[in-house]
Amino acid sequence: MRRYALRLVSLAAALCLWQALTSLNVDLWLRFSQFPTVTEVARAFAARLSGPDYWTDLTDSLVRILTGFLLAAVLGVATGVLVARSRLAEDLLGPVLEVIRPIPAIALVPVAILLFPSNEQGIVFITCTAAFFPVLVSTRHAVRALTPMWEEAVRTMGGGRWRILGSVVLPGALPGVFGGLSVGIGVSWICVISAEMISGQYGVGYRTWQDYTVVDYPGVFVGMVTIGVLGWLTSTAVELLGRRLTRWLPRTAYAPGARPPGPARSVKPAQSVKPAPTAPAAVPDGPASEEARDEHLV
């Protein structure tokens, strides 16, 4: 509860700072006088919630993001496993994928317009491409990092390729796969909003761009807040699903400086009893005495 309270305090402090800087028209280096205040954004948000266009835009953006993300998850995991497990697939697909991977997904908007007959399909294509490569790379590295001993154990017990894939490869790579999915859903939101701004008809990104063109800055911030909340909710859902499917992994609770529950018992240190000094044994003189002295020292 303290951690949740601290997060709420942090969010409230950021909103209070925003309200103070914008209401006082602070212009030091950054021009906060051009920004709408928190109260103006809240009034615009309430007005949008009461209209039908906001919910239509929200539904369209969610459908696009979920469709493209699910396609990217299936294709990215399958391609990552294939490239990591097959040298032939790595030689055939690896160069092509590595050449396309650095290209920003938003740069593929003209390609999507030329390839697909409708803007809706083009936006889904851009969203899928944006999430595909993080999932692919994470899955490939996760599969290659698996211990070969597990696969050898399955082969020893008579398991085949499909048994190894279902019992070793996919379960062992799940933590890395969900890491890529968590990154991919965030990149998908960035690209779907940009695609909606350029070639969309409805959606949160399209509405945000329209508000900017008519100089409705509170409406622009309503779109930004909506995008942020939706991105946070979807990434949290992916993370929770990943934890649900990887419950077998050992986990440690992050509690820096936390004390163990319950009062610690005070244990009195046992009194150490020093042994009584013993008199050194008498060592005769002569050559034999030197050997005896050495043995005594040892």
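Structure: see above.
These notes cover the structure that comes with them. As the structure is a computational prediction, the values presented were derived from the model and not from experiment.

Here we take up the pattern of salt bridges. Counting across every chain of the model gives nine salt bridges. The salt bridge involving R48 is made with D211; its shortest N-O contact spans 2.6 Å. Here R48 is found in helix 2 (residues 38-49), whereas its partner D211 is found in helix 9 (residues 204-213), with 163 residues between them in sequence. A salt bridge links R207 to D57; the shortest N-O distance between them is 2.7 Å.

A complete count under the given rule lists eight aromatic pairs for this structure. Between F32 and F35, the aromatic rings sit 6.2 Å apart at their centres with planes inclined by 65 degrees, giving edge-to-face as the arrangement. In textbook terms, an aromatic cluster arises when at least three aromatic residues are bridged by ring pairs, as seen for W18, F32, F35 and F221.

Take S86: it is sitting in the loop between helix 3 (52-85) and helix 4 (87-100). By relative accessible area, which is 24% here, S86 ends up partly exposed. At 3.4 Å, the side chain of S86 and the backbone nitrogen of L88 are in polar contact.

With that settled, the discussion passes to the nonpolar core. Counting 45 residues, the largest nonpolar core has I126, L181 and W189 as the members making the most contacts within it. Breaking this core down by element, the ones donating at least two residues are helix 2, helix 3, helix 5 (109-115), helix 6 (119-144), helix 8 (161-199) and helix 10 (217-245). Per-element accounting of this core gives the leading share, 13 residues, to helix 8. Setting aside residues no more than four positions away along its own chain, W189 makes contact with S61, L62, I65, L230, G231 and T234.

What follows concerns a nonpolar patch on the surface. On the surface, I106, M197, I198, W209, Y212, V215 and Y217 cluster together to form a nonpolar patch covering roughly 650 Å² of accessible area. Of all the elements in the fold, those that place two or more residues in the nonpolar patch are helix 8 and helix 9. By relative accessible area, which is 30% here, M197 ends up partly exposed.

Another point: the side chain of T139. Looking at where T139 falls in the secondary structure, it is placed in helix 6. With residues up to four places along the chain from it excluded, the contact list for T139 reads G76, V77, G80, V81 and V177.

Turning our eyes to something else, we now look at the packing of helix 3 against helix 6. Contact pair helix 3 / helix 6: the axes reach a minimum separation of 6 Å and the direction vectors enclose 35 degrees. Here helix 3 runs over helix 6; the crossing is right-handed. The class makeup of the residues in the contact of helix 3 with helix 6 is 18 nonpolar, seven polar and five charged.

Turning to helix 4, a few remarks are in order. Taking 1.5 Å as the rise per residue, helix 4 with 14 residues should run 20 Å; its terminal C-alpha atoms sit 20 Å apart, in good agreement. The principal kink in helix 4, of about 40 degrees, is found at L93, preceding the proline P95 by one to four residues. Contacts from the buried residues of helix 4 go to helix 3 and helix 6. Regarding helix 4, its N-cap is S86, as a side-chain oxygen of that residue lies 3.4 Å from the backbone nitrogen of L88 further along.

Viewed as axis vectors pointing N to C, helix 2 and helix 10 meet at an angle of 75 degrees, and their least axial separation amounts to 9 Å. On the basis of the axis angle, helix 2 is roughly perpendicular to helix 10. Contact residues: E40, V41, A44, F45 and R48 in helix 2; P218, G219, F221, V222, V225 and T226 in helix 10. Split into classes, the residues belonging to the contact of helix 2 with helix 10 amount to seven nonpolar, two polar and two charged.

The rules behind the values
Residues numbered from 1 in each chain as written. Predicted model: local features only at pLDDT ≥ 70, side-chain atom pairs only at ≥ 80, totals over all residues. Heavy atoms only, no water. Salt bridge = Lys/Arg side-chain N within 4 Å of Asp/Glu carboxyl O. Helix = DSSP H or I, 4+ residues; strand = E, 2+ residues; numbered from the N terminus. Phe/Tyr/Trp six-rings, centres within 6.5 Å; stacked < 30°, edge-to-face > 60°. Buried < 20%, exposed > 50% of the residue type's maximum accessible area, 1.4 Å probe, protein only. Polar contact = N/O pair within 3.5 Å; in protein donor to acceptor, adjacent residues only side chain to side chain. Core = buried A, V, L, I, M, F, W, Y, C linked by side-chain atoms within 4.5 Å. Contact = heavy atoms within 4.5 Å. Patch = residues over 30% accessible without salt bridge, like charges linked within 9 Å, V, L, I, M, F, W, Y side chains within 5 Å. Areas by Shrake-Rupley, 256 points an atom, 1.4 Å probe, with all protein chains shown as cover. Axes fitted to C-alpha atoms, helices over the stretch in contact; angles between N-to-C directions. Left-handed = near helix turned anticlockwise from the far one by under 90°. Nonpolar A, V, L, I, M, F, W, Y, C, P; charged D, E, K, R; others polar. Expected span 1.5 Å × (residues − 1). Bend = angle between axes of the 7 residues up to and from the residue. Parallel < 35°, antiparallel > 145°, perpendicular 65-115°, else oblique.

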